[in-house]
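These are the residues of each chain, in order.
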Amino acid sequence: MKLIDGKEVSAALKRKIAEEVEQMVAAGYRRPKLVAVLVGNDGASQVYVGHKERACGEVGFDSEVIRMSADTTEEELNAVIDRLNADDSVDGFIVQLPLPSHLSEQSVIERVSPSKDVDGFHPETTGRMISGLDAYLPATPAGILELIKYYGIETAGKHCVVIGRSNIVGRPIANLLSMKGYPGDCTVTLCHSRTKNLKEVVKSGDIVIAALGIAEFVTADMIKEGATVIDVGITRVEAPERKSGFRLLGDVKFDEVAPHCSYITPVPGGVGPMTIVCLMQNTLKAARKHLGITK
Ligand code: NAD
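What counts and how
- Residues numbered from 1 in each chain as written.
- Predicted model: local features only at pLDDT ≥ 70, side-chain atom pairs only at ≥ 80, totals over all residues.
- Heavy atoms only, no water.
- Salt bridge = Lys/Arg side-chain N within 4 Å of Asp/Glu carboxyl O.
- Helix = DSSP H or I, 4+ residues; strand = E, 2+ residues; numbered from the N terminus.
- Buried < 20%, exposed > 50% of the residue type's maximum accessible area, 1.4 Å probe, protein only.
- Axes fitted to C-alpha atoms, helices over the stretch in contact; angles between N-to-C directions.
- Parallel < 35°, antiparallel > 145°, perpendicular 65-115°, else oblique.
- Contact = heavy atoms within 4.5 Å.
- Nonpolar A, V, L, I, M, F, W, Y, C, P; charged D, E, K, R; others polar.
- Patch = residues over 30% accessible without salt bridge, like charges linked within 9 Å, V, L, I, M, F, W, Y side chains within 5 Å.
- Areas by Shrake-Rupley, 256 points an atom, 1.4 Å probe, with all protein chains shown as cover.
- pLDDT = per-residue confidence, 0-100.
- Near = heavy atom within 4 Å.
- Polar contact = N/O pair within 3.5 Å; in protein donor to acceptor, adjacent residues only side chain to side chain.
- Pairing = 2+ DSSP bridges.

1. Some details on the pattern of salt bridges
Inference 1: Under the criterion given, the structure shown has 12 salt bridges.
Inference 2: With its nearest N and O atoms 2.8 Å apart, the salt bridge here joins Arg30 to Asp91. Residue Arg30 is located in the loop between α1 (6-26) and β2 (33-39), and its partner Asp91 is located in the loop between α3 (74-86) and β4 (92-95); the two are separated by 61 residues in the primary sequence.
Inference 3: Overall, the relative accessible area of 0% leaves Asp91 in the buried class.

2. Considerations on the packing of α1 against helix α6 (residues 139-150)
Inference 1: The N-to-C vectors of α1 and α6 enclose an angle of 95°; their axes lie 10 Å apart at closest approach. Our classification of the angle between α1 and α6 gives roughly perpendicular. Seen from α1, the contacting residues are Gly6, Glu8, Val9, Ala12 and Leu13; seen from α6, they are Glu146, Leu147 and Tyr150.
Inference 2: For the contact of α1 with α6, a count of residues per class yields 5 nonpolar, 1 polar and 2 charged.

3. Some words on a nonpolar patch on the surface
Inference 1: Residues Val47, Tyr48 and Ile234 make up a contiguous nonpolar surface patch of roughly 260 Å² in combined accessible area.
Inference 2: Looking at the secondary structure, you find Tyr48 in helix α2 (residues 43-59).

4. A short note on the confidence of the model for the protein
Inference 1: Here the protein averages 97 in pLDDT, and 100% of its residues register 70 or above.
Inference 2: Of all secondary-structure elements in the protein, the lowest mean pLDDT belongs to strand β9 (residues 235-238), at 92, while strand β7 (residues 207-210) reaches the highest, 99.

5. Quick notes on the site of the ligand
Inference 1: Taken together, the neighbourhood of the ligand is formed by 21 residues, with Arg165, Ser166, Val232, Ile234 and Thr275 sitting nearest.
Inference 2: Within the side chain of Ser166, one N or O atom sits 2.6 Å away from an oxygen atom of the ligand.
Inference 3: In this structure, Thr275 approaches the ligand through a side-chain N or O atom, which is 2.7 Å from an oxygen atom.
Inference 4: If the ligand stood free it would expose 860 Å²; the protein chains cover 72% of that surface.
Inference 5: Considering only residue class, the shell around the ligand consists of 11 nonpolar, 9 polar and 1 charged.

6. Examining unusual backbone geometry
A negative phi holds for most residues other than glycine; trans holds for most peptide bonds.
Inference 1: Omega for the bond connecting Leu97 with Pro98 falls within 30 degrees of zero, at 0°, which places this linkage in the cis form.
Inference 2: Within the secondary structure, Pro98 sits in the loop between β4 and α4 (105-111).
Inference 3: Pro183 follows Tyr182 through a cis peptide bond whose omega is -5°.
Inference 4: By the element assignment, Pro183 lies in the loop between α7 (170-177) and β6 (187-191).
Inference 5: Positive phi outside glycine occurs at Asn197, with the angle close to 50°.
Inference 6: Within the secondary structure, Asn197 is located in the loop between β6 and α8 (198-203).
Inference 7: Accessibility expressed as a relative area gives 55% for Asn197, which makes it exposed.
Inference 8: The residue Glu216 is not glycine, and still its phi comes out positive at about 55°.

7. A look at the environment of Pro183
Inference 1: Of the residues examined, Pro183 reaches a relative accessible area of 11% and is grouped as buried.
Inference 2: Between the alpha carbons of Pro183 and Ile144 there is a distance of 9.8 Å; along the sequence they are 39 residues apart.
Inference 3: Ignoring any residue separated from it by four or fewer positions in sequence, one finds Pro183 in contact with Leu145, Ile148, Lys149, Thr155, Leu176 and Leu177.

8. Topic: the side chain of Thr125
Inference 1: Within the secondary structure layout, Thr125 lies in helix α5 (residues 123-130).
Inference 2: Looking at Thr125, the relative accessible area reads 5%, which means it is buried.
Inference 3: One polar contact links Thr125 to Asp117, side chain to side chain, over a distance of 2.5 Å.
Inference 4: Setting aside its immediate chain neighbours within four residues, Thr125 contacts Asp117, Gly120, Ala135 and Tyr136.

9. A closer look at the sheet that holds β6
Inference 1: The sheet built from 6 strands is open, its strands ordered β1-β11-β8-β7-β5-β6 with parallel pairing. Both edges of this open sheet fall to β1 (2-3) and β6, since each of them pairs with a single strand only.
Inference 2: Alignment of strand β5 (residues 159-163) against β6, held across 5 bridges, turns out to be parallel. Bridging from a neighbouring strand, Ile163 pairs with Cys191 of β6.

10. Regarding the environment of Val9
Inference 1: With respect to the helices, strands and loops of the structure, Val9 is situated in helix α1.
Inference 2: A relative accessible area of 2% places Val9 in the buried class.
Inference 3: Sequence separation between Val9 and Gly270 is 261 residues; the distance between their C-alpha atoms is 9.2 Å.
Inference 4: Residue contacts for Val9: discarding those within four places in its chain leaves Glu146, Leu147, Tyr150, Tyr151 and Met274.

What follows is the structure, encoded as structure tokens:
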């Protein structure tokens, strides 16, 4: 069994991005810029935005966080989005989800200009991705592809079972792994809460991607000997014995599943660190487009 080390892979990618930024700056270009819009006081969102801001610093991007109160109106948020869409110094921006319940996430997603859609959530971006065209890939699926590439995990002709059909993880990764080429050429099954005989279906997977958000759902009896298991789930559970008071669990019961795998991601330290670095990759890509850098 080989542990897939998302910290190592993300650090390598960050170094590569940072090098490219310094080359851009040395050639007289400005630094890429990412802006995050944070509406309300959701604790997890504040942590995520903090991580994104720190990652920008690490790779040499300019960044800004726009903090808006929980009672922000749709008009106020739209005005900020419109301003960012029009601001030539901003390469990409994200509106951190979830939003307070009086705001429509879908209308926010659709208001972001596709040219700055570094989260890869706009329907135009999704359409391009599904058509196999150049697109900003959503960060978590992109991170999974990077892990597969880094470890040279074989995908052609493999049966990939994805558990979870969200627009940000399950659906896009299922689609991407079905594409022609590497990493792809998989035969993909997308499972969800209505799937019958889930255990048998998962057990037929050469590659299993768990993204359902139920802690330790995938157990050893669901895994084929030698499978690759990618665990996207993150569930915070109380752990009074820890200083932080909590620990993170994945969707896979790691200790019992790991001995049966050829490759497996841990939680934390697997897919999680890849998500942020792929957001940085998208921002660099956006900056290169906006600055007309083609090489
Ligand atoms: P979601 O919460 O929007 O949806 C969950 C999906 O799981 C649904 O499609 C549902 O059909 C499916 N599901 C629920 N119960 C099921 C069951 N019993 N059997 C089979 N399928 C079932 O999904 P999401 O937003 O993709 O999040 C999934 C998990 O991934 C969460 O724990 C989330 O925190 C985590 N996540 C991690 C990262 C990361 O960077 N590592 C990024 C995004 C999401």
